[in-house]
Amino acid sequence: MKRVLTVQDISCVGKCSLTVALPIISAMGVECSVLPTAVLSTHTAFQDFTFRDLTEEIVPICRHWKQQELKFDAIYTGYLGSYEQMRLVSALFDEFRTAENLIFVDPVMGDYGKLYPGFTPKFAREMGKLCAKADVIVPNMTEAAFMLGIDYVDAGYDEGYVRDVLRRLSDLGAKNTVLTGVSFAENSLGVMGYDAEREEFFSYFNQRLNARCHGTGDVFASCCVGGMMRGFSLGDALALAADFTVQSMRFTMEDPERRWYGVNFEQAIPMLVDRLRQSVDRPQLLR
């Protein structure tokens, strides 16, 4: 069984970060180890949430893992809340990287053209340096713009523009760059990626749903990591993750008692498991 280490916070209520990554990766038949960077009572869209920083625990935990000679088939990072956490995660990559494992960075910093509270353009540029050590990065259009120091473009761009952004992201150093939230048509939304070593682009699109939901980026990234650990190519893992995220949103929109703070990814897990069992039915990527 493959083992993934995911490094991000725990929002105890809110369906994001570790409370999403742990159940999804585990349901995919992959061991999920965790390195919590903070504990929050809820995610930050709630009012008056509590917060306990766990930065000081990162080094002792990693030291103990080294003593136990633990190894990880993938290291997957999500929300990192400070420069110090980025520095420690960079050191963790160096300490636990092997010739075979996967470094997967979701540079969670913002969306819809704005950074989340507490983040700055300087922080985004530093996140770009962390991305340089990754095999795969999955920023959205906002995060990509801030890491590159370019203007955010919400709509009206073409495929040539996205290809240029992907190439510029690859210049940061990551082997595979993926942009999420890409759209070339009113009713579709998806991902587009670039393999810098092969100089190949790939993409996958789904129906655009008329909804904005918390935690969908974490659902997508967690499923993608799990898919790659199950032997999917990056392209097929992205397609699987996109379908799973869309299905999670559909279940949420159909639920008359839906909770505003996250998606019903739990209801979509049977579909995800079925897709893993029937890998011959993986969708083909649009080239």
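Our structure's up above, just so we're on the same page.
Bear in mind the structure is a predicted one, so any value in this text is a computation, not a measurement.

(A) Inspection of the pairing of strand β11 (residues 200-207) at higher detail. Judged by how many residues are buried, β11 sits mostly within the fold: six of eight residues are covered. Pairing geometry for strand β10 (residues 188-195) and β11, over eight bridges, is antiparallel. Its bridge partner being in β11, Ser 188 is matched across the sheet by Gln 207. Linking β10 to β11, which pair antiparallel, is a turn of four residues; within it Glu 199 sits at a positive phi near 55 degrees.

(B) Representation of the side chain of Ser 90. The topology assignment puts Ser 90 in helix α3 (residues 83-96). A distance of 2.6 Å separates the side chain of Ser 90 from the side chain of Lys 133, its partner in a polar contact. Beyond its immediate chain neighbours, meaning those up to four positions away, Ser 90 contacts Leu 130 and Lys 133.

(C) Looking closely at the environment of Phe 232. Relative to the helices and strands, Phe 232 is located in the loop between α7 (216-229) and α8 (234-254). For Phe 232 and Ile 75, which are 157 residues apart along the polypeptide, the C-alpha to C-alpha distance reads 17 Å.

(D) Expanded view of the packing of helix α1 (residues 18-27) against α7. Contact geometry for α1 and α7: axes closest at 9 Å, N-to-C directions at 35 degrees. The chirality of how α1 crosses α7 is right-handed. Packed against α1, whose contacting residues are Val 20, Ala 21, Ile 24 and Ile 25, the element α7 presents Asp 218, Val 219, Ser 222 and Cys 223 at the interface. A per-class count over the contact of α1 with α7 returns six nonpolar, one polar and one charged.

(E) The arrangement of the pattern of salt bridges in detail. Under the criterion given, the structure shown has 10 salt bridges. Of the charged contacts in the structure, one is a salt bridge between Arg 3 and Glu 31, with a shortest N-O distance of 3.2 Å. Taken together, the residues Arg 3 in strand β1 (residues 3-13) and Glu 31 in strand β2 (residues 31-42) connect sequence positions 28 residues apart. Between Asp 243 and Arg 275 there is a salt bridge; the shortest N-O distance is 3.2 Å. One end of the pair, Asp 243, is in helix α8; the other, Arg 275, is in helix α9 (residues 265-277), with 32 residues separating them in the sequence.

(F) Up close: the pairing of strand β9 (residues 176-182). Among the seven residues of β9, six are classified as buried, and the element is accordingly described as predominantly covered. The pairing of strand β8 (residues 136-137) with β9 spans two bridges and is parallel. Considered in β9, the bridge of Val 136 is made with Asn 176. Where β9 and β10 come together, six bridges link them in antiparallel fashion. The partner of Val 178 across the bridge, within β10, is Gly 193.

(G) Main features of the state of the cysteines. Here the structure, examined in full by the defined rule, presents zero disulfides. You can see Cys 12 has no disulfide; the closest cysteine sulfur is in Cys 16, sitting 10 Å from it. Left without a disulfide partner, Cys 62 is nearest to the cysteine sulfur of Cys 32, which lies 15 Å away. Using a relative accessible area of 11% as the deciding quantity, one classes Cys 62 as buried.

(H) Examining α9 more closely. Here α9 is 13 residues long and its end C-alpha atoms lie 18 Å apart, about the 18 Å a rise of 1.5 Å per residue gives. Within the span of α9, buried status applies to Phe 265, Ala 268, Ile 269, Leu 272, Arg 275 and Leu 276. Among the structural elements, α1, α7 and α8 are those in contact with the buried residues of α9.

Scoring rules and cut-offs
- Residues numbered from 1 in each chain as written.
- Predicted model: local features only at pLDDT ≥ 70, side-chain atom pairs only at ≥ 80, totals over all residues.
- Heavy atoms only, no water.
- Buried < 20%, exposed > 50% of the residue type's maximum accessible area, 1.4 Å probe, protein only.
- Helix = DSSP H or I, 4+ residues; strand = E, 2+ residues; numbered from the N terminus.
- Pairing = 2+ DSSP bridges.
- Polar contact = N/O pair within 3.5 Å; in protein donor to acceptor, adjacent residues only side chain to side chain.
- Contact = heavy atoms within 4.5 Å.
- Axes fitted to C-alpha atoms, helices over the stretch in contact; angles between N-to-C directions.
- Left-handed = near helix turned anticlockwise from the far one by under 90°.
- Nonpolar A, V, L, I, M, F, W, Y, C, P; charged D, E, K, R; others polar.
- Salt bridge = Lys/Arg side-chain N within 4 Å of Asp/Glu carboxyl O.
- Disulfide = S-S within 2.5 Å.
- Expected span 1.5 Å × (residues − 1).

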